[in-house]
Structures are given as C-alpha cells and as structure tokens.
Amino acid sequence: MTKRELVARGTERLLALAVPGAEYDARELFLAAGGESLASYAAGLADEVSEEVAARYESMLARRAAREPLQYIIGKCWFYGREFLARKGVLIPRFDTETLVEAALGHLKAGMRILDLCTGSGCILITLLLEGPEKLEGWGTDLSADALACAEENARRLGAEAFFLQSDLFRQLDGKYDIITVNPPYIPSSDIEGLDAEVRDYEPRMALDGRADGLHFYRAICADAGRFLTEGGRLFAEIGAEQGAEVRALMERAGFQEVDVVRDLSGRDRVALGVFRNV
Ligand code: GLN
C-alpha cells in the first residue's frame, strides 16, 4: 500500500470513531511510525510503505483509536515553539499556558531567581530561562518523580540550566524568589469525569484535580507565597476560565497588590498575578 492510501485509511478509521483531530493525527502518527519528516512524506505519497512501518503505524493508530493523546503516542509535543518530551504520568503542555509564560516574561530581569511550582514537564520554567534575560536562576518543584525526570530531560535536551527538586509545593524549599510561577491542578474533582477521554483516561489525575472546588492549591500557595517571595516579588498562577474572581480574592486576602487576571487568546480568564509587598 502507498503512504497516501495508508494514511487515508488511518484517517477514516479515526474519523469513524469520532476521534478529535483525526486527519492531522493520522498523518502525524504515520510520520512518527516511519521516522520521517513532513517534507519527505509529502514528496513520496505514492511510495510503497514497508511492512515494518505499516505494522508500527497500525499499533500507534490503535492507541489513538482508544483515545490516547497523540502526544503520548509520539512522545513529544510543542510548547512556545520548542519540542518537549511528552510522557505518560506527566501533564502534556497546553497552548493556553503560553499566556502565563508571556505574562511572566514581561517581568523578568537579569539575575532574578524563579521558582516554578508543579513544574510537570518543566515547560514553563524552561521556556522562561530560554526566552528571558541572562543570568536567571531557575528552580522547579513537583511532587511527582516522573514529572521531575521528564523536566530534567527536557531542560537538558533544550539547553536550559535549571534545578529540579521533589517537593510538595514549598515544603522542601527555603530562600526567596523574585518570581513564582505555577500551573497547579485546578479542576474541581466532580468535573473530572466529564473531561475529554484523552485527559480523563490518560493524563495524571494528580496534575488535574484541584479538590472539591478546584481552589485547594491556590489557597495553599497563597498561604505560603509571602514567605518565599522577595519584597516586590510576583506570583503568576494559571487558573481555570471560571476561577478569576475567586483566585483574585484569595490573592488579595493573602496581601498581594496590583492583582490582575489576564485572558488567554480565546478570551477566557487564564492567569492571575500579583505583587507581594511586606507593608
Ligand atoms: N488546562 C488543563 C486542562 O484543560 C488543566 C490543567 C490543570 O489543572 N492545571 O485539562
């Protein structure tokens, strides 16, 4: 069978199961199965596919048909223009999170210490270190050892120098930071069942579940952030689209000033930020 035929069949199979992104995913899986670039694929659509590649494609398609996220199957994903490893047990970086990166980048200055809580794949911290000014010192923490291993490998592959530490939020930390970023689990527990199958069945629940009202981690972070921020230091937290008012109130009550909520590119509340001052 030719590449064109095989990918057309793969697309039909995913479409028949109403798999989101069927056409794109069927092609991406083929590129991954054959280890080939889009350019070489496009130039050789009429070429015959080897049995080995066809078999590998078949098993990858079956995983996608069962709604496993494309990124876990091909082992990679894109964030802020860079390729990151995607691994089961570690939340796949979301496009929406680029809004948090943008917001924090505007406040980075040479020599600052950055702390990224719930670092996951490390995509926020690594991107800030690579996009920000010189001489930043970056720390990332996560409760998950799988996440830390993935973040460390992402940092190494992308040439970012960062320190990663296993810690439940601030627990294992000391010292002060100029910028704290965090994309904590923020989905109310009762909403998890209603998520897309890709997220609900394959992504780590500990990276999603924000407990009963989804706000557990914002409360915990607001309670301690003041001890870990320098005077005038800033907190940037990703939030769910419905959480702007509540997280704003939590931050204001914790003593943050200039609290603001920033929208993502689709116009939904996505980031809460504020300045810490010891008045
Ligand atoms: N934005 C993620 C989602 O859509 C949730 C990530 C999180 O809880 N931090 O599934």
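You'll find the structure just up there.
What you see is a predicted model; the values in this text were computed from it and never measured.

Student: Which residues make up the overall build of the chain, and what values go with them?
Tutor: Helix and strand counts for the chain stand at 11 helices and 9 strands. Summarising its shape, the C-alpha atoms of the chain cover approximately 70 × 40 × 30 Å along the three principal directions. Evaluated residue by residue, the chain yields a buried proportion of 51% over its 279 residues. Contacts in the chain between residues at least 24 apart in sequence constitute 67% of all its contacts with a sequence separation of at least 6. A total accessible area of about 13200 Å² is found for the chain, and carbon and sulfur atoms account for 49% of it.

Student: How would you sum up the site of the ligand? Please name residues and give values.
Tutor: Close to the ligand lie Arg94, Asn183, Pro184, Pro185, Tyr186, Ile187, Val199, Ala207 and Leu208, which account for all nearby residues. Here Pro184 contributes a backbone N or O atom positioned 2.6 Å from a nitrogen atom of the ligand. Note that an oxygen atom of the ligand is positioned 3.5 Å from one of the backbone N or O atoms of Ala207. Here the ligand, which alone exposes 300 Å², has 85% of that area covered by the protein. Its residues assigned to classes, the shell around the ligand shows 7 nonpolar, 1 polar and 1 charged.

Student: Go over the packing of helix 10 (residues 216-228) against helix 11 (residues 244-253) with me, naming the residues and quoting the values.
Tutor: The geometry of helix 10 relative to helix 11 is characterised by a closest axis approach of 9 Å and an angle of 20° between their N-to-C directions. The orientation of helix 10 relative to helix 11 falls into the category roughly parallel. By crossing handedness, the relation of helix 10 to helix 11 is classed as right-handed. Between helix 10 and helix 11, the contacting residues are Tyr218, Arg219 and Cys222 on the first element and Val247, Leu250 and Met251 on the second. Tallied by class, residues from the contact of helix 10 with helix 11 come to 5 nonpolar, no polar and 1 charged.

Student: Describe the packing of helix 2 (residues 22-34) against helix 4 (residues 51-65), and please don't skip the residues or the numbers.
Tutor: Taken N-terminus to C-terminus, the directions of helix 2 and helix 4 make an angle of 140°; their axes are 9 Å apart at the nearest point. When the axis of helix 2 is compared with that of helix 4, the two are oblique. In the crossing of helix 2 with helix 4, the sense of the turn from one axis to the other is right-handed. Each of Asp25, Ala26, Leu29, Phe30, Ala32, Ala33 and Gly34 in helix 2 lies in contact with helix 4, whose residues at this interface are Val53, Arg56, Tyr57, Met60, Leu61 and Arg64.

Student: Account for unusual backbone geometry, with residues named and values stated.
Tutor: The backbone of Leu169 shows a phi angle near 50°, a positive value even though the residue is not glycine. Inspection of the secondary structure assignment puts Leu169 in the loop between strand 5 (163-166) and strand 6 (177-182). Positive phi, normally seen in glycine, also occurs at Arg211, with a value near 70°. Tracing the chain through its elements places Arg211 in the loop between helix 9 (197-202) and helix 10.

Student: Can you break down helix 8 (residues 145-158) residue by residue, with the values?
Tutor: Taking 1.5 Å of rise per residue, 14 residues should cover 20 Å, and helix 8 covers 20 Å from first to last C-alpha, within 8% of that figure. For helix 8, the set of buried residues is Ala147, Leu148, Cys150, Ala151, Asn154 and Ala155. Buried residues of helix 8, viewed axially, fall in a sector of 165°; they line one side. The elements touched by buried residues of helix 8 are strand 2 (82-85), helix 7 (123-131), strand 4 (137-142) and strand 5. Put simply, Ser144 is the residue that caps the front of helix 8, since its side-chain oxygen is 3.3 Å from the backbone nitrogen of Asp146.

Student: Describe the sheet that holds strand 9 (residues 269-276), listing the residues and the values that go with them.
Tutor: A sheet is described by the order of its strands in space; here 7 strands give the open sequence 5-4-3-6-7-9-8, paired in mixed fashion. Each having just a single partner strand, strand 5 and strand 8 (256-263) make up the two edges of the open sheet. Geometrically, the sheet is characterised by an average inter-axis angle of 15° between neighbouring strands, direction not taken into account. Pairing between strand 6 and strand 7 (residues 229-238): 5 bridges, direction parallel.

Criteria and thresholds
Residues numbered from 1 in each chain as written. Predicted model: local features only at pLDDT ≥ 70, side-chain atom pairs only at ≥ 80, totals over all residues. Heavy atoms only, no water. Helix = DSSP H or I, 4+ residues; strand = E, 2+ residues; numbered from the N terminus. Buried < 20%, exposed > 50% of the residue type's maximum accessible area, 1.4 Å probe, protein only. Contact = heavy atoms within 4.5 Å. Areas by Shrake-Rupley, 256 points an atom, 1.4 Å probe, with all protein chains shown as cover. Near = heavy atom within 4 Å. Polar contact = N/O pair within 3.5 Å; in protein donor to acceptor, adjacent residues only side chain to side chain. Nonpolar A, V, L, I, M, F, W, Y, C, P; charged D, E, K, R; others polar. Axes fitted to C-alpha atoms, helices over the stretch in contact; angles between N-to-C directions. Parallel < 35°, antiparallel > 145°, perpendicular 65-115°, else oblique. Left-handed = near helix turned anticlockwise from the far one by under 90°. Expected span 1.5 Å × (residues − 1). Arc of directions from axis to C-beta. Pairing = 2+ DSSP bridges.

Just geometry here; none of it tells us what the structure is for.
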